[in-house]
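Residue-level listing of the chains:
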Amino acid sequence: MAKYSTGGAGSSASDSCELCGAENVDLQTASVAGATLSVCSECSQHDETPTKASGSGDGDRKRRAAQNTARMQDAGSGDAEHWEDGADYDDDQLPYLVSDYGDVLVEARQDAGLQTAELADAVDADESDVLAVEQGRATQANVGGSLIAALEAELDVQLVDSN
């Protein structure tokens, strides 16, 4: 059974772990659940001190940082496998869009009396790309800025944030 210190223990308690109760062991100071306790080497693994000597928390942080760096490099390299032949997406970057660009586009399309497929044909784009813009997923669908400009011109709306 776990033994917790109340600070008033007798001399025999000085040789026992305040977490597990093990007696006659070498004790170390550890921070566990916000309390500073004298614990045995086995219970010291529960030490939550930020500057822990073993550095296991530091190793986890370094591992996560390395993983994030790798993800960013993968994202920056660009997987051209799904790109159209001859398209240069670096030259056709998506501009900053107004916060409700999907709703603006849907309303303008409906006011013009067009279905999504008809609008896509009018701007010479895939219907799935037009749907992605209407659903607010332009970034995730890798929609280019030229499609946004074509939609703005076709429906006389402003989708690009001018700020």
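Remarks on the overall build of the protein
Then, number 1: Looking only at helices and strands, the protein features five helices and two strands.
Then, number 2: Expressed as a percentage of contacts within the protein between residues at least 6 apart in sequence, the contacts between residues at least 24 apart total 39%.
Then, number 3: Summed over all atoms, the accessible surface of the protein reaches about 11200 Å², with 44% contributed by carbon and sulfur.

So, the pattern of salt bridges
Then, number 1: Evaluated as defined, the whole model comprises one salt bridge.
Then, number 2: Between Arg109 and Glu134 there is a salt bridge, with the nearest N and O atoms lying 2.4 Å from each other. Highlighted residues: Arg109 in helix H2 (residues 101-111) and Glu134 in helix H4 (residues 127-134), separated in sequence by 25 residues.

A look at the packing of H4 against helix H5 (residues 145-155)
Then, number 1: H5 packs onto H4 with a crossing angle of 80 degrees between their chain directions and a minimal axis gap of 11 Å. With respect to H5, the element H4 is oriented roughly perpendicular. Of H5, the residues touching H4 (which contributes Asp129, Val130 and Val133) are Leu147, Ile148 and Leu151.
Then, number 2: Broken down by class, the residue content of the contact of H4 with H5 amounts to five nonpolar, no polar and one charged.

A look at the pairing of strand S2 (residues 35-39)
Then, number 1: Of the pairings in the sheet, the one linking strand S1 (residues 28-32) to S2 comprises five bridges and is antiparallel in character. Note that in S2 the partner of Ser31 across the bridge is Thr36.
Then, number 2: If you look at the hairpin formed by S1 and S2, you'll find two residues sitting between the two strands, and Ala33 has a positive phi there, around 55 degrees.

What to know about the state of the cysteines
Then, number 1: With the rule as written, the count across this model stands at zero disulfides.
Then, number 2: There is no disulfide at Cys17, and the cysteine sulfur nearest it, in Cys20, is 3.7 Å away.
Then, number 3: Taking relative accessible area as the criterion, Cys17 reaches 0% and is therefore assigned buried.

Some thoughts on a negative patch on the surface
Then, number 1: Where like charges cluster on the molecular surface, the negative patch consists of Glu118, Asp121, Asp124, Asp126 and Glu127.
Then, number 2: Tracing the chain through its elements places Glu118 in helix H3 (residues 116-122).
Then, number 3: Taking relative accessible area as the criterion, Glu118 reaches 41% and is therefore assigned partly exposed.

Section: the confidence of the model for the protein
Then, number 1: Across the protein, the average pLDDT comes to 77, with 71% of residues at 70 or higher.
Then, number 2: Per-element averaging of pLDDT across the protein places helix H1 (residues 56-77) at the bottom with 67 and H3 at the top with 94.
Then, number 3: The model gives residues 8-13 a pLDDT under 50, and that stretch makes one contact with residues more than four places away or in other chains.

Focus: the packing of H2 against H4
For any two helices packed against each other, the geometry comes down to the angle between their axes and how far apart the axes lie.
Then, number 1: Following both chains from N to C, one finds H2 and H4 inclined at 120 degrees, their axes separated by 7 Å at the closest point. Relative to H4, the element H2 lies oblique. Of the residues in H4, those touching H2 at Tyr101, Gly102, Asp103, Leu105, Val106 and Arg109 are Val130, Val133 and Glu134.
Then, number 2: Residues of the contact of H2 with H4, tallied by class, amount to five nonpolar, one polar and three charged.

Calculation notes
Residues numbered from 1 in each chain as written. Predicted model: local features only at pLDDT ≥ 70, side-chain atom pairs only at ≥ 80, totals over all residues. Heavy atoms only, no water. Helix = DSSP H or I, 4+ residues; strand = E, 2+ residues; numbered from the N terminus. Contact = heavy atoms within 4.5 Å. Areas by Shrake-Rupley, 256 points an atom, 1.4 Å probe, with all protein chains shown as cover. Salt bridge = Lys/Arg side-chain N within 4 Å of Asp/Glu carboxyl O. Axes fitted to C-alpha atoms, helices over the stretch in contact; angles between N-to-C directions. Parallel < 35°, antiparallel > 145°, perpendicular 65-115°, else oblique. Nonpolar A, V, L, I, M, F, W, Y, C, P; charged D, E, K, R; others polar. Pairing = 2+ DSSP bridges. Disulfide = S-S within 2.5 Å. Buried < 20%, exposed > 50% of the residue type's maximum accessible area, 1.4 Å probe, protein only. Patch = residues over 30% accessible without salt bridge, like charges linked within 9 Å, V, L, I, M, F, W, Y side chains within 5 Å. Lys, Arg positive; Asp, Glu negative; His and termini not counted. Charge placed at Lys NZ, Arg CZ, Asp CG, Glu CD. pLDDT = per-residue confidence, 0-100.

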